[in-house]
Amino acid sequence: MRIAVLASDPSLYSNKRLMEAGAARGHEMTFIAIGNCYMDITAQKPEIHYRGGEILKPFDAVIPRVRPAITFYGMAVLRQFELQKAYCLNGPIAIGRAQDKLRTLQLLCSKNIEIPRTGFAHSPLDTKDMIKIVGGAPLVVKLLEGTQGRGVVLAETNKAAESVINAFKSLKADIMVQEFIAEAKGADLRCFVIGDKVVASMERRAAKGEFRANIHLGGTGHKVKITPQERKIAVASAKAVGLKVAGVDIIRSSTGPKVLEINSSPGLEGVEGTTGKDIAGLMIEHIEKHAMHKKKAKGKVPLEVVSDNP
Ligand SMILES: Nc1ncnc2c1ncn2[C@@H]1O[C@H](COP(=O)(O)OP(=O)(O)O)[C@@H](O)[C@H]1O
Ligand SMILES: [Mg+2]
């Protein structure tokens, strides 16, 4: 098959691994830099041009690895690949949902999946009441579009919470406020979902003096055995957002597992390093199974382009 890795930096571990894994399985792999694409969106013949003038030959499948900074453009390019009937290992609509933490949590709620108590408000006039809703300090304030732990702040007192929330608001940042799960002691679970399976999981432990378990903030990955309930929650969460590949972050609270967020381009380095599994190979395998199947039903515009239903 002709498979594209649609990303920004070919030297990143995850991108390199996907290119290698596809080639090892006999596919024609091409790295496509999102920023180098431009499009002709004329009816009948949607084209993607590449810097220098080349018109890209349609791909059988595309693996998007879209950085938040380039999401808007990345999703437009991905939609163009979809219009050319490429199988997308995560479609643009699902990626858009996952990028917005609030929208993700609302989708999870619609499927009765447990999350930490969370509040969201527009006006600073509602700050005090929102703090009350989530049970008061200590609490966590999060930027809706933050990643890698940046934009997640712990406020230890109500006064501090109020100042942080109002400061973010005055910068016009969209934030949500969440109950702090202290008993997790800086650990969470990263469950790597492909299709309807958790193919690997690890526990991430925050660096000393830190409550955020993100690997980018010095967190470390450890082997872990997750429960059947956690497995079920991770798969249901990915499905609620419509993602085929997802990194579902779950925190273990005293009242059971709760989903923190869902990543549409989960990193491979930490999880492959911790578990020794060939996750990139499993992603290619998923494409082999599903893209071929989709090819048989040719002719139709993919549902993702026209519908927002998960
Ligand atoms: N409500 C919470 N209670 C305790 N720890 C939390 C809570 N929310 C987030 N964290 C910690 O902060 C980390 C980053 O939060 P997350 O919502 O995943 O944002 P990001 O997208 O920046 O990774 C989590 O992995 C977890 O370790
Ligand atoms: Mg996270």
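From a predicted model like this one, the values you see are computed outputs, not experimental measurements. (Residues numbered from 1 in each chain as written. Chains lettered and ligands numbered in written order. Predicted model: local features only at pLDDT ≥ 70, side-chain atom pairs only at ≥ 80, totals over all residues.)

> Which residues make up the overall build of the protein, and what are the values?
In terms of helices and strands, the protein carries ten helices and 16 strands. Projected onto the principal axes, the alpha-carbon positions of the protein cover approximately 60 × 40 × 35 Å. Burial statistics for the protein: of 310 residues in total, 40% are counted as buried. Long-range contacts, defined as pairs at least 24 residues apart, comprise 65% of the intrachain contacts of the protein with a sequence gap of at least 6. (Helix = DSSP H or I, 4+ residues; strand = E, 2+ residues; numbered from the N terminus. Buried ≥ 20, exposed ≤ 12 C-beta atoms within 10 Å, placed from the backbone. Contact = placed C-beta atoms within 7 Å.)

> Hey, could you go over the nonpolar core for me, with residue numbers and the actual values?
By size, the foremost hydrophobic cluster in this structure holds 60 residues, and its most contacted members are Leu6, Val62, Val193, Val248 and Met283. When residues of this core are assigned to domains, at least three map to each of domain 1 (2-90) and domain 2 (97-114 + 183-264). If near-sequence neighbours (up to four positions away) are discounted, valine 62 is found in contact with Ala4, Leu6, Leu78, Phe81, Ala86 and Cys88. Among the nonpolar cores identified, the runner-up in size contains 15 residues, and Ile131, Val152, Val177 and Ala184 belong to it. (Core = buried A, V, L, I, M, F, W, Y, C linked by C-beta atoms within 7 Å. Domains from an automatic or database assignment.)

> Outline the site of ligand 1, listing residues and values.
Around ligand 1, a shell composed of 24 residues is seen, among which Pro116, Gln178, Ile181, Arg212 and Ala213 lie nearest. Mapped onto the shell around ligand 1, the elements with two or more residues apiece are strand S9 (139-143), strand S11 (175-179), strand S15 (245-253) and strand S16 (256-263). Looking at the shell around ligand 1 residue by residue, the class counts come to eleven nonpolar, seven polar and six charged. When residues of the shell around ligand 1 are sorted by domain, at least three fall in each of domain 2 (97-114 + 183-264) and domain 3 (118-180). (Near = placed C-beta within 6 Å. Nonpolar A, V, L, I, M, F, W, Y, C, P; charged D, E, K, R; others polar.)

> Break down the domain arrangement of the protein for me, citing the residues and quoting the values.
Many structure descriptions define interface size as the accessible area lost when the parts assemble. Each domain of the protein was delimited in the assignment, giving domain 1 (2-90), domain 2 (97-114 + 183-264) and domain 3 (118-180). Here the C-alpha centroids of domain 1 and domain 3 sit 37 Å apart.

> With reference to specific residues and values, describe helix H6 (residues 158-170).
The end-to-end C-alpha separation of H6 is 18 Å, in line with the 18 Å expected for 13 residues at 1.5 Å each. Directly beyond the C-terminal end of H6, a positive phi value near 65° is found at lysine 172. (Expected span 1.5 Å × (residues − 1).)

> Which residues make up the sheet that holds strand S13 (residues 197-205), and what values go with them?
Spatially, five strands are ordered S14-S13-S12-S15-S16 in an open sheet, and the strand pairing comes out antiparallel. Looking at which strands have only one partner, the edges of the open sheet turn out to be strand S14 (220-222) and S16. Strand after strand, the sheet turns through a mean of 35° between neighbouring axes, direction not considered. Bridging between S13 and S14 involves three bridges; their strand directions are antiparallel. (Pairing = 2+ DSSP bridges. Axes fitted to C-alpha atoms, helices over the stretch in contact; angles between N-to-C directions.)

> A description of the pairing of strand S2 (residues 28-33) should follow, citing residues and the corresponding values.
Taken together, the six bridges between strand S1 (residues 2-7) and S2 define a ladder with parallel strand orientation. Considered in S2, the bridge of alanine 7 is made with alanine 33. Following the chain from S1 across helix H1 (residues 13-24) to the adjacent parallel S2, one finds a crossover that is right-handed. (Right-handed = clockwise from strand over helix to strand, strands pointing away.)

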